[in-house]
Amino acid sequence: MRIAVIGAGLGGLAAALRLQRLGHDVVVLEGRERPGGRAYQLRDGGFTWDTGPSLITMPWVLEETFAAGGLDLHAEVALERLDPFYRIRWAGEERHLDFAAEPARMREEIARFSARDAAAFDGFLAALGPIYEDGILDAGRRPFQRAADLARFAPRLVRLRAARPLHRLVAQHFAHPRIREAFAFHSLFIGGDPFRVPAIYAALVYLQFLDGVWYARGGVYALVEAMARALDVRCGERVERIEHDRRAVRGVVLEGGGRIAADVVVSNADVLRTHELLGARPPLRHLRPTMSCFLLYLGTDRRFEALRHHTLLVGGGYRRFIRDVTRDARLPATFSTYWHAPSRTEPGMAPPGGDSLCALLPVPNLRAGVDWAREGDRLRDGLLADAETTFGLEGLRDAIVAEHRMTPEDFARDLGAVDGNAFALEPTLRQSAWLRPHNRDGRVRGLYHVGGGTHPGAGIPGVLLGAEVTTGLIAADHPARRTHAIAV
C-alpha cells in the first residue's frame, strides 16, 4: 500500500517523519521551490525573515515529533528561551507590559497597571490549568471523528465554562482594560477573534507560562530544514488532483500529467480546497476561513531598540479594529501590529548594525474585495508612519534598505489559501473539534488531513499534534500493512 501526503508544510513534514519512522517509504513532493508552506523563509541582502510563524511554544511537542521520526530535536536545532516573551505597547500610553517568564515578575508588570489585577493573576492561571489539560493534552491529541466524540467531551467543556467567549473569561479575573486586552489577544495568533472564540483557547496563555516561549536559531525555518533533511523532498511537484473512484483514493495527479499511485492520501493542502482536488461539488456546510494578514519584511541599516524580539503595538479602538478585520470585512481605520525582530536574539539574521524586521497587520481576507494593488502602498505608508509617530520608531522609513511585502493575494496564489486566509479556519465553537474538518475524511476512503484546517487547529503545536492524530488513525485503520508515503 502507498500513501501520498499532500503538502510539505509543518503538518505534512511531521506526518511524513512519523510514517517513515514506522518503516514506510516516504517521498515528499512540494509544489513550491522549497518546503515549508506557511513556515517559509525570505532572504535578501544579508537579511533573513521567517515569512510565517515566528513564536515557538510547547517545545515538548517538537521534541516528540522529532523523536517519532528518529531524530533528536536538540541535536538538529538550537532553541533559546525568550524572556520576556514579548512586549505590549498601547498608543497614547506611556506604560508598556512585558510578559515575563517568572510569575512574580509578571505580577509586578501587571501591578504597574492594577494592583487588584496583579493579585488576581495566580487565580487566573489556576483556572486555566484544567482547560489546558482537557482542551490541549486530552482533546488536542485524540480524533473527533464522530458526534459521540464531541458528546463525551462537551460536559467537560461546560463544566470548565470553556465554551463562553474568551474575553468573558479574562474579564471575570481582570478589571483593567489594558490587562484584559493583554490576556485575551493570544487567539489572534491562530486567526481567532478574542471576542468570539471559545474560552478553551485561553490555554494558549497558560502553555506559555508553563513551557516558555522559544526561538530557534536560524528562525522557525530551521525546524523545516531539519525535518526536510531526514526526508526525500522533491520540490516543484504540485498536485493537481486526487485520483479516486468515488469510494477510495487511487493516487495523485501532478501538474504536467505525472501520476503517482497511492492507496491513501494525506492532504496538507488548505482543507477548504479538498473538494477541488477531488473534482467534487463544494460541501453543503459553509465553513468560514480566518482573516488574512498584510506583512512587511524590512531590512534596516540601523537597529530599533524600542522593539523587543516580539512586540505588539496596539492602536486606538482595539475592539473596533478586531471587528473590522474579522467580521465586517473592511480595512481597519487604526493600526494594531505585531513586530518580529529576530536580530534582537540572533544578530546574524541581519547585517552588522542592522535589523531584520517583520511587521504583521491583520486585514480582512479576499472576500472583502480590497484592491490590493492600490491599497497595499497606502497601508504600507500608513503603518510605517504610525510606527514612527505613535510608537517612537523615528527614522524607520529612512533606514529601510531592503523591503518585501505579503498580501492576501500572495496567500491565495503562493499557498493555495482559500480567500487568501492566513490561518485556515476560524477557531470558533462551531468550527472546533468534531465540527472542524476531520483528520480522516468521510467522503472518500483512504483520504486524511493534516494542517491548520483540521483538528486540533492552527499554530505550530496545533499542526504537529494534528499530524500525530492523523498518523495514529492511519496506523489504526491499516494495522498490518506496510506503507509508502509521499508528501506534496
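Higher on the page you've got the structure.
Just so it is clear, the structure is predicted and the values come from calculations on it, not from any experiment.

Chemist: Report on the overall build of the protein, specifying residues and quantitative values.
Modeler: The secondary structure content of the protein amounts to 16 helices and 20 strands. In terms of overall dimensions, the protein is globule-like: its C-alpha atoms have a radius of gyration of 22 Å, near the 23 Å expected for 488 residues. Judged by the C-alpha coordinates and their principal axes, the protein covers about 65 × 55 × 45 Å. A buried classification covers 61% of the 488 residues belonging to the protein. In the protein, the proportion of contacts linking residues at least 24 apart, taken out of those at least 6 apart, comes to 73%.

Chemist: Tell me about the pattern of salt bridges, residues and numbers included.
Modeler: For the coordinates displayed, the defined rule picks out 46 salt bridges. The residue R344 makes a salt bridge to E305 at a minimum N-O spacing of 3.8 Å. Of the two residues, R344 sits in the loop between β16 (337-340) and β17 (355-363) while E305 sits in the loop between β14 (292-300) and β15 (310-314), which places them 39 residues apart along the sequence. D324 serves as the salt-bridge partner of R320, at 3.1 Å between the closest nitrogen and oxygen. With R320 and D324 both in helix α12 (residues 318-326) and 4 residues apart, this pair spans about one turn of that helix. Given the relative accessible area of 38%, R320 is considered partly exposed. One salt-bridge network, held together by shared partners, links D134, D138, R142, R156 and R159.

Chemist: Could you give an account of the sheet that holds β17, with specific residues and numbers?
Modeler: Pairing in this open sheet of 7 strands is mixed, and the strands run β7-β6-β15-β16-β17-β14-β18 from one edge to the other. Strands with a single pairing partner mark the edges of an open sheet, and in this sheet they are β7 (96-98) and β18 (400-406). With strand direction ignored, the average angle separating the axes of adjacent strands in the sheet is 20°. Across the face of the sheet, helix α15 (residues 408-415) comes into contact with β14, β17 and β18 while running at roughly 95° to β14.

Chemist: Tell me about the layout of surface pockets, and name the residues and values.
Modeler: One number sums up the size of the second largest pocket: a volume of about 730 Å³. In this structure, the second largest pocket is lined by 29 residues; those nearest its centre are P283, R285, L287, D441 and R443. Looking at the lining of the second largest pocket element by element, the count peaks at 3 residues for helix α11 (residues 274-278). Residue composition of the lining of the second largest pocket, grouped by class: 13 nonpolar, 7 polar and 9 charged.

Chemist: Describe the side chain of H186, and please don't skip the residues or the numbers.
Modeler: Mapped onto the elements of the fold, H186 is located in the loop between α8 (177-184) and α9 (203-211). A polar contact of 2.6 Å, which involves the side chain of H186, links it to the side chain of Y86. If we ignore the near neighbours within four places in the chain, the residues touching H186 are Y86, F99, L204, V205 and Q208.

Chemist: I'd like to hear about the sheet that holds strand β12 (residues 259-261), residue by residue, with values.
Modeler: With antiparallel pairing, 3 strands are arranged side by side in an open sheet as β10-β11-β12. Among the strands making up the open sheet, the edge pair consists of β10 (239-244) and β12. Direction aside, neighbouring strands of the sheet carry axes that sit 20° apart on average. Of the pairings in the sheet, the one linking β10 to strand β11 (residues 249-254) comprises 5 bridges and is antiparallel in character. Residue H244 lies in a different strand from β11, and its bridge partner there is V249.

Chemist: Go over the pairing of strand β6 (residues 87-90), please, and point to the residues and values.
Modeler: Residues R87 and R89 point to one face of β6 and I88 and W90 to the other, with burial holding for every one of them. Pairing between β6 and β7: 3 bridges, direction antiparallel. Residue pairing in the sheet places R87 in a bridge with D98 of β7. Alignment of β6 against β15, held across 4 bridges, turns out to be parallel. Looking across to β15, one finds that W90 is bridged to V314.

Chemist: Give a detailed account of the packing of aromatic side chains, specifying residues and quantitative values.
Modeler: If you walk through the whole model with that rule in mind, you get 20 aromatic pairs. With centroids separated by 5.7 Å and ring planes inclined at 85°, the aromatic side chains of Y86 and F185 adopt a geometry described as edge-to-face. Note that Y86 is positioned in the loop between β5 (79-82) and β6 and F185 in the loop between α8 and α9, a separation of 99 residues in sequence. One aromatic cluster is present, built from ring pairs that chain together F85, Y86, F99, F121, F124, F174, F183, F185, F189, F209 and Y338. The side chain of R32 reaches across the aromatic face of Y40, ending 3.7 Å from its centre. Between the NZ or CZ atom of R34 and the centre of the ring of Y40, over which it lies, the distance is 4.8 Å.

Conventions adopted
Residues numbered from 1 in each chain as written. Predicted model: local features only at pLDDT ≥ 70, side-chain atom pairs only at ≥ 80, totals over all residues. Heavy atoms only, no water. Helix = DSSP H or I, 4+ residues; strand = E, 2+ residues; numbered from the N terminus. Rg over C-alpha atoms; globule rule 2.2 N^0.38 Å. Buried < 20%, exposed > 50% of the residue type's maximum accessible area, 1.4 Å probe, protein only. Contact = heavy atoms within 4.5 Å. Salt bridge = Lys/Arg side-chain N within 4 Å of Asp/Glu carboxyl O. Pairing = 2+ DSSP bridges. Axes fitted to C-alpha atoms, helices over the stretch in contact; angles between N-to-C directions. 1 Å grid on protein atoms, 1.4 Å probe; cavity = no way out; pocket = protein on both sides within 12 Å on 5 of 7 lines; lining within 4 Å. Points joined across faces, edges and corners; volume = space filled by probe spheres on them. Nonpolar A, V, L, I, M, F, W, Y, C, P; charged D, E, K, R; others polar. Polar contact = N/O pair within 3.5 Å; in protein donor to acceptor, adjacent residues only side chain to side chain. Phe/Tyr/Trp six-rings, centres within 6.5 Å; stacked < 30°, edge-to-face > 60°. Lys NZ or Arg CZ within 6 Å of the ring centre and 35° of its normal.

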